[in-house]
Amino acid sequence: MADGQIKVDGDPVFKGIDPIRFEGPDSENPLAYRYYDKDQIVLGKRMEDHLRMAVCYWHTFCWDGFDVFGGGTFNRPWHGAVNDRAAADAKMAAAFEFFSKLGLPYYCFHDVDVTEDSPTPDELSSNLKRMGDRLAAYQDATGIKLLWGTANLFSNPRFGAGGLTNPNPEVAAVAVRQIRDCMEVTHALGGENYVLWGGREGYDTLLNTDLDRELGNFGRFLAMVVDHKHKIGFEGKILIEPKPHEPMYHQYDFDSATVYGFLKRFGLEDEVHVNIEPNHATLAGHSFAHEIATAVSLGIMGSIDINCGNYQNGWDTDQFNLDIRDITLALIELLPSGGLDTGGFNFDAKVRRQSSSVEDLFHAHVGGVDALARALLSAADILERGDIAKFKADRYAGWENSDLGKMMLSEGASLESIADHAAKAGLSPSHASGRQEMLENLVNRSLK
Ligand code: XUL
Ligand code: CO
């Protein structure tokens, strides 16, 4: 390291906390995994390989607890008075100590999470290169891998009206530069995906927004992102992270189905997939499972930012998702399709502002990890029993087995031929029960 030594074990920040280990369901140790046993084989695969969990840099290491009503409450030992180079280096040391103590395989970052404050695009570019080298050294020393990187095109005031969709071409060009730099660092670090979350790609009012032009520009620049990926030989996936609103009133990447329509329009549906986040799903009026099922069906399933919202309010609270049933329902949509490929479960979740101790970061992740492990075991039980899948298959069997179903799906069928057939045969079928309550009970039966 040109700028000083990387000391992975030197001067630990989380002194009193031992590495988190699997101790089994009977353990009374609050800082142990009770269900996440990474080598346990579930549905023919190691738990670690199913879940591919990642810690996110931003909520866990950058956020100081500020909200719109008050300043930071966390007083983290690695936060300096300002985010200068020394503070950014200290933050990175703390981050890798934390990743290693949790024993999870991956992490994710934005360019501005890992760099010191960089007032100009030139400074951000050179600081990111330096920090990329440091990340590489930490990865080598710890074995922790990069699930994905992303450029932050929403915090700097210049991005108030968007990055790639900004009305000002100069701002869009700076956004393009930031993406190019961050994608190249992600590639150099062996990142398995590159994410675009368009927090400010949208609008607050149509009165000042040329929606048609912005969407056209967005598609054009996204195609360039894909071209550049191939040019530099980056084999990871490009992922768009859907969210309907917040910070903008309307965001173009509203949900998975909307993203698919956009990708289709620009011929990018084979090149760009989605990074689904449960709290974004519920903001869009969907369930987590709906977003997964939709992405699987459209062939654009990529990765997951695991978290959840809160029933009492309508915004993105980014809480650790402890709802085993909610995650199980998503996993039974995901696992039969082959599960996560280059994707993973990234803890895009934050502790509450009152949870001000660094120990709370461990409790939060231990809970989140074990909830995923329990959901995996629950989903495996449902899939192994197979009764829900059988019910579903039987419900649609007419399309496979009956002459009518086959005729209706055949090449020559038309609206007229089907309608005439229904009339001639005097069809007047009645409803068959969907058995929702029975099926819901079968899900609860399997929860671990
Ligand atoms: C915001 C959000 C982001 C993205 C990365 O709601 O989820 O943290 O995951 O920019
Ligand atoms: Co996210």
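Above this note sits the structure.
Residues numbered from 1 in each chain as written. Chains lettered and ligands numbered in written order. Predicted model: local features only at pLDDT ≥ 70, side-chain atom pairs only at ≥ 80, totals over all residues. Heavy atoms only, no water.

## Points about the overall build of the chain
Helix and strand content of the chain: 17 helices and twelve strands. Radius of gyration (C-alpha) of the chain: 24 Å, near the 22 Å computed for a compact globule of 448 residues. Projecting the C-alpha coordinates of the chain onto the three principal axes gives extents of approximately 85 × 60 × 45 Å. Expressed as a percentage of the 448 residues in the chain, the buried residues total 49%. Pairs at least 24 residues apart make up 76% of the contacts formed inside the chain by residues separated by at least 6 positions. A total accessible area of about 21000 Å² is found for the chain, and carbon and sulfur atoms account for 52% of it. Across the chain, the mean location of the 42 positive side-chain charges is 2 Å away from that of the 66 negative side-chain charges. (Helix = DSSP H or I, 4+ residues; strand = E, 2+ residues; numbered from the N terminus. Rg over C-alpha atoms; globule rule 2.2 N^0.38 Å. Buried < 20%, exposed > 50% of the residue type's maximum accessible area, 1.4 Å probe, protein only. Contact = heavy atoms within 4.5 Å. Areas by Shrake-Rupley, 256 points an atom, 1.4 Å probe, with all protein chains shown as cover. Lys, Arg positive; Asp, Glu negative; His and termini not counted. Charge placed at Lys NZ, Arg CZ, Asp CG, Glu CD.)

## A few points about the pattern of salt bridges
Applying the stated criterion across every chain, the model contains 20 salt bridges. With a shortest N-O distance of 2.7 Å, aspartate 39 and arginine 46 are connected by a salt bridge. Aspartate 394 is paired through a salt bridge with lysine 390; the nearest N and O atoms lie 2.8 Å apart. Of this pair, aspartate 394 and lysine 390 both sit in helix α13 (residues 387-395), separated by four residues, roughly a single helical turn. You can call aspartate 394 partly exposed: its relative accessible area is 45%. (Salt bridge = Lys/Arg side-chain N within 4 Å of Asp/Glu carboxyl O.)

## A few points about the packing of helix α7 (residues 211-232) against helix α8 (residues 256-265)
α8 packs onto α7 with a crossing angle of 70° between their chain directions and a minimal axis gap of 10 Å. One way to sum up the angle between α7 and α8 is to call them roughly perpendicular. In this structure, α7 uses Asp212, Leu215, Gly216, Phe218, Gly219 and Leu222 to contact α8, whose residues at the interface are Phe262, Leu263 and Arg265. Along the lines of polarity and charge, the residues of the contact of α7 with α8 split into five nonpolar, two polar and two charged. (Axes fitted to C-alpha atoms, helices over the stretch in contact; angles between N-to-C directions. Parallel < 35°, antiparallel > 145°, perpendicular 65-115°, else oblique. Nonpolar A, V, L, I, M, F, W, Y, C, P; charged D, E, K, R; others polar.)

## Brief notes about the sheet that holds strand β12 (residues 345-347)
Working definition: the strands of a sheet are paired by backbone hydrogen bonds and lie parallel or antiparallel to each other. One closed barrel holds the eight strands; their spatial order is β3-β4-β5-β6-β8-β10-β11-β12, and the pairing between them is parallel. This sheet shows a mean twist of 30° between the axes of neighbouring strands, independent of strand direction. Bridge analysis of strand β10 (residues 272-276) against strand β11 (residues 301-305) gives three bridges, and the strand direction is parallel. Looking across to β11, one finds that valine 274 is bridged to methionine 301. Sheet strands touched by helix α6 (residues 169-188): β4 (106-110), β5 (145-150), β6 (193-196) and β8 (237-240). Its angle to β6, the strand with the most contacts, is close to 155°. (Pairing = 2+ DSSP bridges.)

## A look at the coordination of the cobalt ion (ligand 2)
Bound to the cobalt ion (ligand 2) are the protein donor atoms Glu241 (OE), Glu277 (OE), Asp305 (OD) and Asp348 (OD), situated 1.9 to 2.1 Å from the metal. Sequence positions of the residues that donate to the cobalt ion (ligand 2) give the spacing E-x35-E-x27-D-x42-D. Taken together, the positions of glutamate 277 in the loop between β10 and α9 (278-283) and aspartate 305 in strand β11 put the pair 28 residues apart, joining distant regions of the chain. Given the relative accessible area of 2%, glutamate 277 is considered buried. (Donors = N, O, S within 2.8 Å, 3.2 Å for Na, K, Ca; no water.)

## Considerations on the side chain of glutamate 201
One can find glutamate 201 in the loop between β6 and β7 (202-203). Summary of buried charges: glutamate 201 has no salt-bridge partner, and the nearest side chain of opposite charge, arginine 200, is 9.3 Å away. Of note is the side chain of glutamate 201, whose polar atom sits 2.5 Å from the side chain of threonine 165. Dropping the residues within four chain positions of it, glutamate 201 is found in contact with Leu153, Gly162, Gly163, Leu164, Thr165, Phe218, Gln251 and Tyr252. (Polar contact = N/O pair within 3.5 Å; in protein donor to acceptor, adjacent residues only side chain to side chain.)

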